[in-house]
Amino acid sequence: MAKSGDEQVGLTRELSLELARVTERAAVAAARLRGRGDEKAADQAAVDAMRSELNRLAIRGTVVIGEGERDEAPMLYIGEKVGSGKGPEVDIALDPLEGTTLCAKNLPNSLAVISIAEKGALLFAPDVYMEKIAVGPGYPDGLIDIDASPEDNIHALAKAKGVPVTEIAACILDRPRHASLIEAVRKTGAAIRLIGDGDVAGVIDTTAPEETGIDIYIGSGGAPEGVLAASALRCVGGQMQGRLILDTEEKIARAAKMGVSDPKKIYSHMEMAHGEVIFAATGVTDGNMLGGVRFMKNYLQTETIVMRSSSKTVREIKARHQDMDKF
């Protein structure tokens with residue numbers, strides 16, 4: 001239902017392009033420090049740029065997934081209000097520099113990422129680990145099960161895809177905690193792509209296995225990143241399940257303050273990001289789906305993907321920015 005004046009309700013198509021500008025600005029700022037070995041400086045540059053651009057948007061936004069609690073992050077903290085104060089009221093999940101280590105070392109798949117949704121539509125996830133499993137679109141509902149063994153999930157996916165298990169590839173974060181998971185997947189005969197960081201990109205890669213070579217994402221990573229990844233899946237289809245790892249009383253209490261009443265609940269991607277959602281990501285470094293920022297003599301080049309749940313539209317934007325002063 002529409003409201004009069006500036007209080008427009010709903011996420012417009014025009015807002016999709018505006019979000020692309022937000023992630024472009026953050027990606028360029030971070031890319032200027034790419035390969036310099038300074039994670040904090042690259043992250044701060046991305047935060048500053050993203051916040052500045054967000055405040056140009058005609059939205060009344062609240063950061064629900066951000067840089068941390070207010071006392072930990074001076075900008076883009078959880079609960080911060082952003083936007084011009086006019087337009088639709090929205091919740092925002094963001095990571096100005098997904099894969100800070102990747103950017104600092106100039107390794108693949110560092111991104112600037114943002115998702116906006118109707119107010120109350122994004123899971124208010126605490127900064128803890130989350131068990132995750134995800135596949136792309138085109139499979140029957142209920143194909144994957146976070147409580148099933150890795151072997152069962154891999155075999156179910158191969159059967160649904162109509163290929164031998166040896167043609168399935170899983171993406172897993174390269175962490176000591178995943179040693180038994182990696183061993184179990186390898187015993188099936190499936191391939192594994194280990195990544196050092198950037199599990200938002202890992203989940204998104206499952207949406208286009210023909211391009212990325214990734215069929216399934218399995219493992220634990222940050223819960224905020226899980227919400228961002230779920231936002232992308234909401235826009236293009238696919239399946240995802242996540243469960244917060246609340247293994248101490250302190251984490252359980254912190255989650256409860258954020259509205260998590262069942263610490264063992266399994267969330268689907270529909271529960272992590274429901275309603276109308278727009279997702280945008282711009283490459284900072286070269287990756288499986290997006291190229292990184294290119295600094296040419298007379299222009300900058302960026303590659304961005306923008307997804308919109310209401311239309312199931314995915315736009316790939318390769319932009320040449322000849323007015324480099326705006327960055």
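Just so it is clear, the model here is predicted, and its values are computed rather than measured. (Residues numbered from 1 in each chain as written. Predicted model: local features only at pLDDT ≥ 70, side-chain atom pairs only at ≥ 80, totals over all residues. Heavy atoms only, no water.)

Trainee: Describe the pairing of strand 8 (residues 216-222), naming the residues involved and giving the relevant values.
Mentor: Residues in a regular strand point their side chains to alternate faces of the sheet. By the criterion of burial, strand 8 is predominantly enclosed, with 7 of the 7 residues buried. Where strand 5 (residues 129-135) meets strand 8, 7 bridges bridge the pair, whose relative direction is antiparallel. Paired with A134 across the two strands is Y217, which belongs to strand 8. With 2 bridges connecting them, strand 6 (residues 169-173) and strand 8 associate as parallel partners. Following the sheet pairing, C171 is matched in strand 8 by Y217. (Buried < 20%, exposed > 50% of the residue type's maximum accessible area, 1.4 Å probe, protein only. Helix = DSSP H or I, 4+ residues; strand = E, 2+ residues; numbered from the N terminus. Pairing = 2+ DSSP bridges.)

Trainee: If you had to explain the sheet that holds strand 9 (residues 239-244) to someone new, which residues and values would you point to?
Mentor: Taking strand neighbours across the sheet as the criterion, the 6 strands line up as 7-6-8-5-9-10 in an open arrangement whose pairing is mixed. Edge positions in the sheet fall to strand 7 (191-195) and strand 10 (267-268), since each has one partner strand and no second. On top of the sheet, helix 8 (residues 223-236) reaches strand 5, strand 8 and strand 9; it is set at about 20° to strand 5, its chief contact. (Contact = heavy atoms within 4.5 Å. Axes fitted to C-alpha atoms, helices over the stretch in contact; angles between N-to-C directions.)

Trainee: Tell me about the confidence of the model for the protein, and please be specific about residues and values.
Mentor: Taken as a whole, the protein shows an average pLDDT of 92; of its residues, 96% reach a score of 70 or greater. A low-confidence stretch, residues 1-8 stays under pLDDT 50, and its non-local contacts, those more than four residues away or across chains, total 8 contacts. (pLDDT = per-residue confidence, 0-100.)

Trainee: Lay out the pattern of salt bridges with the relevant residues and their values.
Mentor: Enumeration over the complete set of coordinates arrives at 15 salt bridges. Across the pair E80 and R51 runs a salt bridge, and its minimum N-O distance is 2.7 Å. One end of the pair, E80, is in the loop between strand 1 (60-65) and strand 2 (81-82); the other, R51, is in helix 2 (residues 39-54), and 29 residues separate them in sequence. Overall, R51 belongs to the partly exposed group, its relative accessible area being 28%. (Salt bridge = Lys/Arg side-chain N within 4 Å of Asp/Glu carboxyl O.)

Trainee: Lay out the layout of surface pockets with the relevant residues and their values.
Mentor: To locate leftover empty space, one rolls a probe as large as a water molecule over the atoms. Of the voids in this model, the largest pocket is the one considered here, and its volume is about 910 Å³. The wall of the largest pocket is formed by 38 residues, among which E67, D95, T100, D127 and E225 lie closest to the centre. Of all elements in the fold, only helix 2, strand 3 (89-98), helix 3 (100-105), strand 8 and helix 8 reach the threshold of two or more residues within the lining of the largest pocket. For the lining of the largest pocket, the leading source of residues is helix 2, giving 5 residues. Class assignment for the residues of the lining of the largest pocket results in 14 nonpolar, 9 polar and 15 charged. (1 Å grid on protein atoms, 1.4 Å probe; cavity = no way out; pocket = protein on both sides within 12 Å on 5 of 7 lines; lining within 4 Å. Points joined across faces, edges and corners; volume = space filled by probe spheres on them. Nonpolar A, V, L, I, M, F, W, Y, C, P; charged D, E, K, R; others polar.)

Trainee: Any chance you could break down the packing of aromatic side chains for me, citing the residues and the numbers?
Mentor: Per the counting criterion, the structure on display carries 0 aromatic pairs. The cationic tip of K265 hangs over the ring face of Y267; the distance from NZ or CZ to the ring centre is 5.4 Å. (Phe/Tyr/Trp six-rings, centres within 6.5 Å; stacked < 30°, edge-to-face > 60°. Lys NZ or Arg CZ within 6 Å of the ring centre and 35° of its normal.)

Trainee: Describe the nonpolar core, naming the residues involved and giving the relevant values.
Mentor: Generally speaking, a soluble globular protein has its nonpolar side chains buried in company with each other. In terms of nonpolar packing, the biggest core is built from 44 residues, with M240, L244 and F279 touching the most fellow members. In terms of residues, this core owes the most to one element, helix 8, which gives 8 residues. (Core = buried A, V, L, I, M, F, W, Y, C linked by side-chain atoms within 4.5 Å.)

Trainee: Lay out the pairing of strand 5 in plain terms, naming residues and giving numbers.
Mentor: Of all the 7 residues making up strand 5, 5 are buried; the element is thus mostly covered by neighbouring parts of the structure. Two elements, strand 5 and strand 9, share 6 bridges in a ladder whose sense is antiparallel. Within the sheet, the bridge partner assigned to V135 lies in strand 9 and is Q239.

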